[in-house]
Amino acid sequence: SGSTDCICYSTVGISDPVTSALHIIVGDCQPLDVSSVHHNNTFLKYSVSLLGYGFYGDILKDSEKKRWMGPMRYDYSGFKTFLSHHYYEGTIAYQPAKHTHGSPRDKESCRTGCYICKQSENQLAEQNKERGLKHEEGEEEWKVIKGKFLAINAVNMSCACPRSPKGLSPAAHLADGSADLILVRKCSRFDFLRYLVRHTNQDDQFDFPFVDVYRVKCFQFTSKLSEDNESNVMDIGKKRFGQFCRDHPACCCNIVNSTWNCDGETLDSSAIEVRVHCQLMKLFARGIEEDCKGEAAYSQSSIEPLL
């Protein structure tokens, strides 16, 4: 349930209560990755679909003030946020998900009986056996990216919905222990509009020079304001000027911080750490089934070239 029903569309393929009831009666089981969000080593929330900073965070923050408009508030806030064209400067550090096969740029999507998700389940079981014996955490190197971003999105599933049939990341997997981290760098309004339109058609939405996508198992984000948070005269002036800009939106200066959109709820902490927990939750679902032959699930033969 929700404004977009993206969890239903991503795990069942349709938002139909009768279908969901039948899955419960039959006892179908679909594992699901869950991300935990932390700030200063303090747990904040869990996320199962979308973590969005920048564009989607600004839409949510503005729409919360207009609940009286009903579902139309998302269209209004989305159009308003697009026109404002705010970008946010910060640093992202992430650990690549080397344990799972496949790529966010794959042409095939996660379906019932997904081979990649099954392989991740087997590897998770092996890691649990080795934990405490030979397994050492924190050995993987962190990759760091600094820049100015219009949107930072992390998805545990495709996040498909009626308005975006493929979702934010069409090849994202439900239970492979990873999230797809999508970075949309500062660009023109026209280019950003082209990127948004790609969510509604069959074109590759990552095929832009200002869009990067990574499959990660954890990541951290720190805004430029947090990095420069020193108590000197210039910083105090910036904070006061930033407050003036927030109170007077007509000002041309860019807002220094956005809000995180965590499954449709706001997170005010801009500096967060996110960890993906493989198959932490199970749903009464079967995954998306397709009528077309060869697209119902990942077969081992289609994965072998990637190994």
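Since the structure is predicted, the reported quantities are computational estimates derived from the model, not experimental observations. (Residues numbered from 1 in each chain as written. Predicted model: local features only at pLDDT ≥ 70, side-chain atom pairs only at ≥ 80, totals over all residues. Heavy atoms only, no water.)

A. Structural detail: the overall build of the chain. The number of helices and strands found in the chain is nine helices and 10 strands. Surface summary for the chain: the accessible area is close to 16,600 Å², and the carbon and sulfur share equals 54%. (Helix = DSSP H or I, 4+ residues; strand = E, 2+ residues; numbered from the N terminus. Areas by Shrake-Rupley, 256 points an atom, 1.4 Å probe, with all protein chains shown as cover.)

B. Highlighting the pairing of strand β5 (residues 143–155). Bridging between strand β3 (residues 50–54) and β5 involves five bridges; their strand directions are antiparallel. In the strand pairing of β5, glycine 52 is matched with asparagine 153. Across seven bridges, strand β4 (residues 88–96) lies against β5 in antiparallel orientation. The partner of alanine 93 across the bridge, within β5, is valine 144. (Pairing = 2+ DSSP bridges.)

C. Representation of helix α6 (residues 189–198) in the model. Buried residues of α6: Phe192, Tyr195, Leu196 and Arg198, and no others. All buried residues of α6 fall inside an arc of 155° around its axis, so they share one side. Of the surrounding secondary structure, the elements contacted by the buried residues of α6 are α3 (55–63), α4 (72–84), β5, β6 (179–185) and β7 (211–223). (Buried < 20%, exposed > 50% of the residue type's maximum accessible area, 1.4 Å probe, protein only. Arc of directions from axis to C-beta. Contact = heavy atoms within 4.5 Å.)

D. Structural view of the nonpolar core. Counting 31 residues, the largest nonpolar core has Phe55, Ile182, Val184, Phe192, Tyr195 and Val211 as its most contacted members. Looking at this core, the elements that each hand over two or more residues are β1 (30–39), α3, α5 (115–130), β5, β6, α6 and β7. Every residue in contact with valine 184, bar those within four places of it in the chain, is listed here: Phe149, Leu150, Ala151, Phe192, Tyr195, Phe210 and Val211. One finds Ile92, Tyr94, Phe219 and Trp260 within the second-largest nonpolar core, a separate group that totals 22 residues. (Core = buried A, V, L, I, M, F, W, Y, C linked by side-chain atoms within 4.5 Å.)

E. Spatial organisation of the environment of tyrosine 53. As for its position among the elements, tyrosine 53 is in strand β3. With a relative accessible area of 1%, tyrosine 53 lands in the buried category. A sequence separation of 214 residues divides tyrosine 53 from leucine 267, and the C-alpha atoms of the two residues are 9.5 Å apart. Within the structure, the side chain of tyrosine 53 is placed 3.4 Å from the side chain of asparagine 257, a separation counted as a polar contact. At 3.0 Å, the side chain of tyrosine 53 and the backbone nitrogen of serine 258 are in polar contact. (Polar contact = N/O pair within 3.5 Å; in protein donor to acceptor, adjacent residues only side chain to side chain.)

F. Molecular detail of unusual backbone geometry. Backbone geometry at histidine 85 places phi at a positive 55°, although glycine is not the residue there. Tracing the sequence through the fold places histidine 85 in the loop between α4 and β4. Of note, the phi angle at cysteine 159 is positive, near 60°, even though the residue is not glycine. Relative to the helices and strands, cysteine 159 is located in the loop between β5 and β6. According to the relative accessible area criterion, cysteine 159 is buried, its value standing at 7%.

G. Representation of the state of the cysteines within the structure. Summed over the entire model, instances satisfying the criterion amount to zero disulfides. A disulfide-free cysteine, cysteine 110 has its sulfur positioned 3.8 Å from the sulfur of cysteine 117, the nearest such atom. (Disulfide = S-S within 2.5 Å.)

H. Here's a closer look at the packing of α4 against α6. Packing of α4 against α6 leaves a shortest axis separation of 10 Å and a crossing angle of 145°. In this structure, α4 contributes Phe82, Leu83 and Ser84 to the contact, and α6 contributes Arg189, Phe192, Leu193 and Leu196. Here the contact of α4 with α6 is composed, by residue class, of five nonpolar, one polar and one charged. (Axes fitted to C-alpha atoms, helices over the stretch in contact; angles between N-to-C directions. Nonpolar A, V, L, I, M, F, W, Y, C, P; charged D, E, K, R; others polar.)

I. A look at the side chain of threonine 259. Assignment of secondary structure puts threonine 259 in the loop between α8 (233–247) and β8 (260–262). The exposure class of threonine 259 is buried, given its relative accessible area of 4%. Not counting chain neighbours up to four residues away, the residues in contact with threonine 259 comprise Gly52, Tyr53, Gly54, Gly57, Asp58, Lys61, Thr266, Leu267 and Asp268.

J. Summary view of the packing of α3 against α4. Between α3 and α4, whose axes approach to 9 Å, the crossing angle comes to 130°. Taken together, the axes of α3 and α4 lie oblique to each other. For the pair α3 and α4, the sense of crossing is right-handed. Note on element contacts: α4 touches α3 through Arg73, Tyr74, Tyr76, Ser77, Gly78, Lys80, Thr81 and Phe82, opposite Phe55, Asp58, Ile59, Asp62 and Ser63. Here the residues of the contact of α3 with α4 sort into five nonpolar, four polar and four charged. (Parallel < 35°, antiparallel > 145°, perpendicular 65-115°, else oblique. Left-handed = near helix turned anticlockwise from the far one by under 90°.)

K. Local environment of a nonpolar patch on the surface. A cluster of nonpolar side chains, contributed by Val18, Leu22, Ile25 and Val26, occupies part of the molecular surface with about 420 Å² of accessible area. Inspection of the secondary structure assignment puts valine 18 in helix α2 (residues 17–26). Exposure remark for valine 18: the relative accessible area of 52% places this residue in the exposed category. (Patch = residues over 30% accessible without salt bridge, like charges linked within 9 Å, V, L, I, M, F, W, Y side chains within 5 Å. Salt bridge = Lys/Arg side-chain N within 4 Å of Asp/Glu carboxyl O.)

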